[in-house]
Amino acid sequence: NHCIRSSISCVGDNPDTAYAVSATNVTLPQSLTNDESSPAGYFVVIGVNHAATNSSQYSELGSIDLRTGTGVASFDNRRMPGSAEPYLLNETTNDASEDAAKYLYAIMVRRNCTGILQRCVEIPSPPTFPNVGFDDPILFVFRAVLSPRGRSGPD
């Protein structure tokens, strides 16, 4: 209530949510190709799906244009199951890798996800709104909301 009355941002102070924030100098340049082998064209965000571990009811990875503070794209726990498998599982995979994959997510972040087989989130480019400029920093915020066993943040 104080935050609303005072018109200030109180993100991260909520006791029912745990937040993790990326470095503030991450940029995603314009890719000249949609080739997955081009490292300049994408990166992969990897983490724990806390909803799958039953330590939260909801998990989300959001991307924010750090210059404007505008949210531009997100990926939540409904899309996380199976997303880590392409990165962890192959013909030499053991049972431990298969077990771990159930609790992890891996999301490719690109300017254009057309034709990409893995789970992918597009960061819109100008002039689309909202967008992140090619040289502007992107902030990633992960949040896990409300423990299923209580009324506080994740265990």
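Use the structure listed above.
Attention here is on the structure that accompanies the text. (Residues numbered from 1 in each chain as written. Predicted model: local features only at pLDDT ≥ 70, side-chain atom pairs only at ≥ 80, totals over all residues. Heavy atoms only, no water.)

Take the pairing of strand E5 (residues 104-110) next. The buried count for E5 comes to six of seven residues, which makes it a mostly enclosed element. Relative to E5, strand E2 (residues 42-48) runs antiparallel, the two sharing seven bridges. The residue of E5 that forms the bridge with Ile46 is Ala106. With three bridges joining them, E5 and strand E6 (residues 120-122) adopt parallel strand pairing. Bridging across to E6, Val109 finds its partner in Val121. (Buried < 20%, exposed > 50% of the residue type's maximum accessible area, 1.4 Å probe, protein only. Helix = DSSP H or I, 4+ residues; strand = E, 2+ residues; numbered from the N terminus. Pairing = 2+ DSSP bridges.)

Right, let's talk about the sheet that holds strand E1 (residues 17-21) for a bit. Here four strands make up an open sheet; going across it, the order is E1-E7-E3-E4 and the pairing antiparallel. Edge strands, defined here as strands with exactly one partner in the open sheet, are E1 and strand E4 (70-76). Within the sheet, the average angular offset between the axes of one strand and its neighbour, ignoring direction, is 25 degrees. Sheet topology note: the E1/strand E7 (residues 138-145) ladder contains five bridges and is antiparallel. Each bridged residue has a counterpart across the sheet, and for Tyr19 the counterpart in E7 is Arg143. (Axes fitted to C-alpha atoms, helices over the stretch in contact; angles between N-to-C directions.)

Okay, the environment of Leu66 next. Among the secondary structure elements, Leu66 is positioned in the loop between strand E3 (58-65) and E4. A relative accessible area of 34% places Leu66 in the partly exposed class. For the pair formed by Leu66 and Val26, sequence separation is 40 residues and the distance between their alpha carbons is 9.6 Å. Residues within four places of Leu66 in sequence aside, it is in contact with Thr24, Pro137 and Leu139. (Contact = heavy atoms within 4.5 Å.)

Okay, the packing of aromatic side chains next. Counting across every chain of the model gives three aromatic pairs. For the pair Phe43 and Phe140, a centre-to-centre distance of 5.7 Å together with 85 degrees between the ring planes defines the contact as edge-to-face. Taken together, the residues span a long stretch of sequence, with Phe43 in strand E2 and Phe140 in strand E7 at a distance of 97 residues. When its relative accessible area of 7% is taken as the criterion, Phe140 is described as buried. Here Tyr105 and Phe142 contribute two aromatic rings whose centre-to-centre distance is 5.7 Å and whose plane-to-plane angle is 10 degrees, an arrangement assigned as stacked. Of this pair, Tyr105 sits in strand E5 while Phe142 sits in strand E7, and the two are 37 residues apart along the sequence. Since its relative accessible area comes to 11%, Phe142 is described here as buried. (Phe/Tyr/Trp six-rings, centres within 6.5 Å; stacked < 30°, edge-to-face > 60°.)

Okay, the pattern of salt bridges next. Tallied over the full model, the rule gives four salt bridges. Between Arg67 and Asp65 there is a salt bridge, and its shortest N-O distance comes to 3.6 Å. Relative accessible area serves as the criterion here: at 1%, Asp65 is assigned to the buried category. Taken together, the shared-partner salt bridges connect Asp65, Arg67 and Asp136 into one network. (Salt bridge = Lys/Arg side-chain N within 4 Å of Asp/Glu carboxyl O.)

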